[in-house]
Structure formats: C-alpha cells, structure tokens
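Architecture at a glance
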Amino acid sequence: QVLLVESGGGSVQAGGSLKLSCAASRLLIKSPACGMAWYRQAPGKEREFISSISGDGTTNYADSVKGRFTISRDSAKNTLYLQMNSLKTDDTAVYYCASRGWRIDTGCLDEYQYWGQGTQVTVSS
C-alpha cells in the first residue's frame, strides 16, 4: 500500500525553483506528526539526507542545501513540502519523503519507518 506520495518534480535550469509535495495517507495521521524528512539519491550515489521537520516544527538542513531549500508541513492537509530555490546541477536526484513511525504504547519512534516512491528532479546547466 502507498502511504506517502511525492509530486512536483520535473526538469529545470540551474538557478530555477521547484516545490515538492508529499501527501501522506490518512492512515499516517500520527506518524507524520512525529516528524518527517526529505532525502535524495543521485545515480551511483548513496541516499542523502536533505531536510527534516520535527513534531514541534524544528527544522534541520544538510549543509549542501541550507539557505536554498525550505521544508514545511501542512498538518491539516497531512502534506509535507520542500521549496527548492537556486537549484544546481548537483541537486539532480530522485527525492523521497519519509515519516517517523508511531506506536500507541511508546509514541514517536526515532527511525523513519515510512517512505514514498520518489519524484525525479533534473537540473540542467
């Protein structure tokens, strides 16, 4: 079953902008509130952490995207966003959203348990 669905990817020129969205299933009402994140994976490279947002709204960014990307969340819509500005060719990758897990007995889990299938972002020079 698909619990997280990314969208908004595409092809842009260097210096351009894109906004990615990640729609969470209604089955993940609790888990997204624990925290969500964006990762990316370029061809031939390891999956890379991009940004995260905690349950209380605290955000973190990888140094490679700090100042250019902004993560946000619309709790009412159960949707995660990633605004990407000043895109570089090195940003070309498949972008994935993820959600921390949640259990009724322990609450939020530390690991990102749920993952989307990714959306392609291609930045040309």
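Fair warning: this is a prediction, and the values are worked out from it, not measured in the lab.

Criteria and thresholds
- Residues numbered from 1 in each chain as written.
- Predicted model: local features only at pLDDT ≥ 70, side-chain atom pairs only at ≥ 80, totals over all residues.
- Heavy atoms only, no water.
- Helix = DSSP H or I, 4+ residues; strand = E, 2+ residues; numbered from the N terminus.
- Rg over C-alpha atoms; globule rule 2.2 N^0.38 Å.
- Buried < 20%, exposed > 50% of the residue type's maximum accessible area, 1.4 Å probe, protein only.
- Contact = heavy atoms within 4.5 Å.
- Areas by Shrake-Rupley, 256 points an atom, 1.4 Å probe, with all protein chains shown as cover.
- Salt bridge = Lys/Arg side-chain N within 4 Å of Asp/Glu carboxyl O.
- Pairing = 2+ DSSP bridges.
- Axes fitted to C-alpha atoms, helices over the stretch in contact; angles between N-to-C directions.

Section: the overall build of the chain
Along its length, the chain carries one helix and 11 strands. Each helix (α) and strand (β) of the chain, taken in turn from the N terminus, gives the series β-β-β-α-β-β-β-β-β-β-β-β. For 125 residues, the compact-globule estimate of 2.2 N^0.38 gives 14 Å, and the chain sits close to it at 14 Å. Overall, the C-alpha framework of the chain stretches about 50 × 30 × 30 Å when taken along its three principal axes. Out of the 125 residues belonging to the chain, those deemed buried represent 42%. Within the chain, counting contacts between residues at least 6 apart in sequence, those at least 24 apart form 54% of the total. Accessible surface for the chain amounts to roughly 6,800 Å². Of this, 46% is attributable to carbon and sulfur atoms.

Details of the pattern of salt bridges
Scanning all chains against the criterion turns up six salt bridges. Here Arg-40 and Glu-48 are joined by a salt bridge, their closest N and O atoms 2.9 Å apart. On the basis of relative accessible area, Arg-40 is assigned to the buried category, the value being 6%. Notably, a salt bridge pairs Lys-66 with Asp-63, separated by 3.4 Å at the nearest N-O pair. Each member of the pair, Lys-66 together with Asp-63, is exposed. Each of Arg-40, Glu-48, Arg-68 and Asp-91 takes part in one network of salt bridges that share partners.

A look at the sheet that holds strand 3 (residues 18-24)
Spatial strand order, 1-3-8-7: four strands in an open sheet with antiparallel pairing. What marks the edges here is a single partner per strand, and that holds for strand 1 (4-7) and strand 7 (69-74). When strand polarity is set aside, the average angle formed by the axes of neighbouring strands in this sheet is 15°.

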